[in-house]
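Inside the fold
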Amino acid sequence: QVQVVESGGGLVQPGGSLRLSCAASGSIASIYSMGWFRQAPGKQRELIAIITSDSTTNYDDSVKGRFTISGDNAKNTVYLQMNSLKPEDTAVYYCRYRAGGYTYWGLGIQVTVSS
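Residues numbered from 1 in each chain as written. Predicted model: local features only at pLDDT ≥ 70, side-chain atom pairs only at ≥ 80, totals over all residues. Heavy atoms only, no water.

1. Brief notes about the sheet that holds strand 7 (residues 67–72)
Rules: Two strands are said to pair when DSSP picks up at least two bridges between them. Helix and strand definitions here come from DSSP, where helices need a minimum of 4 consecutive H or I residues and strands a minimum of 2 consecutive E residues; each element is numbered from the N-terminal end. Orientation is described by axes fitted as lines to C-alpha atoms, over the contacting stretch for helices, and by angles from 0 to 180 degrees between their N-to-C directions.
Strand order in the open sheet made by the 4 strands is 1-3-8-7, with antiparallel pairing throughout. One side of each edge strand has no neighbouring strand; the edge strands of this open sheet are strand 1 (2–7) and strand 7. Pairs of neighbouring strands in the sheet enclose a mean axial angle of 15 degrees, with direction left out of account.

2. Concerning the packing of aromatic side chains
Rules: For this analysis, a ring pair means two rings from Phe, Tyr or Trp (six-membered ring only for Trp) whose centres lie within 6.5 Å, classed as stacked if their planes differ by under 30 degrees, edge-to-face if by over 60, and tilted for the remaining angles. Two limits define a charge over a ring: the Lys NZ or Arg CZ must be within 6 Å of the ring centre, and within 35 degrees of the ring normal.
In this structure the tally under the stated criterion is 4 aromatic pairs. Taken together, a centroid distance of 6.5 Å and an interplanar angle of 85 degrees make the contact between Tyr94 and Trp105 edge-to-face. Taken together, the residues span a long stretch of sequence, with Tyr94 in strand 9 (residues 91–99) and Trp105 in strand 10 (residues 102–105) at a distance of 11 residues. Among the aromatic residues, ring-to-ring pairing joins Tyr32, Tyr97 and Tyr104 into one connected group. In this structure, Arg45 is placed above the aromatic ring of Tyr94, and the distance from its NZ or CZ to the ring centre is 3.6 Å. The lysine or arginine in question, Arg45, covers the ring of Trp105, its NZ or CZ lying 4.7 Å from the ring centre.

3. Regarding the state of the cysteines
Note the cut-off: Here, the term disulfide refers to a pair of cysteine sulfur atoms separated by no more than 2.5 Å. Burial here depends on accessible area, computed with a 1.4 Å probe over protein chains only, as a share of the maximum for the residue type. Under 20% is buried, over 50% is exposed, and the range in between is partly exposed.
Inspection of every chain in the model, using the stated rule, returns 1 disulfide. Each sulfur of the disulfide joining Cys22 and Cys95 lies 2.0 Å from the other. Where Cys22 bonds to Cys95 through sulfur, the torsion about that S-S bond is close to -85 degrees, and the disulfide is left-handed. With Cys22 in strand 3 (residues 18–26) and Cys95 in strand 9, this residue pair connects regions lying 73 residues apart in the sequence. For Cys22, a relative accessible area of 0% gives the class buried. Classification of Cys95 by relative accessible area gives buried; the value is 0%.

4. Section: the pattern of salt bridges
For the record, the criterion: Any carboxyl oxygen of Asp or Glu that lies within 4 Å of a side-chain nitrogen of Lys or Arg is treated as forming a salt bridge with it.
Applying the stated criterion across every chain yields a total of 4 salt bridges. Taking the shortest distance from any N to any O, the salt bridge between Asp61 and Lys64 comes out at 3.1 Å. For Asp61, a relative accessible area of 63% gives the class exposed. Owing to a relative accessible area of 49%, Lys64 belongs among the partly exposed residues under this scheme. Across the salt bridge formed by Asp89 and Arg66, the nearest N and O atoms sit 2.8 Å from each other. Residue Asp89 is found in the loop between strand 8 (77–82) and strand 9, and its partner Arg66 is found in the loop between strand 6 (57–59) and strand 7; the two are separated by 23 residues along the sequence. Exposure class is identical for Asp89 and Arg66. Each is buried. The network of salt bridges with common partners includes Arg38, Glu46, Arg66 and Asp89.

This is a description of form; function is not addressed.
Next up, the structure:
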């Protein structure tokens, strides 16, 4: 069993920055991936950034160049640094841990970009 907890969301003005954190605890595998998804009202949940246990990263085009995903393997924590935020980045952000055919989700955290 793995527990996934997101933190760091909130309200930010357009052009601002936020850093989200996702901590995984429990039976952590040596090979895994952790991804950030988001879901805006009325839209499907979408993958925006992913990092594997060997630090390989990948991004959706909508956030490439603005968001950076990074990980701290010692803390089983990944971060999402979000810069140059836009109103269209407003969504609930979810963290997903996946390993060995198992998937665990956090409860999600609200990010609102508004003046």
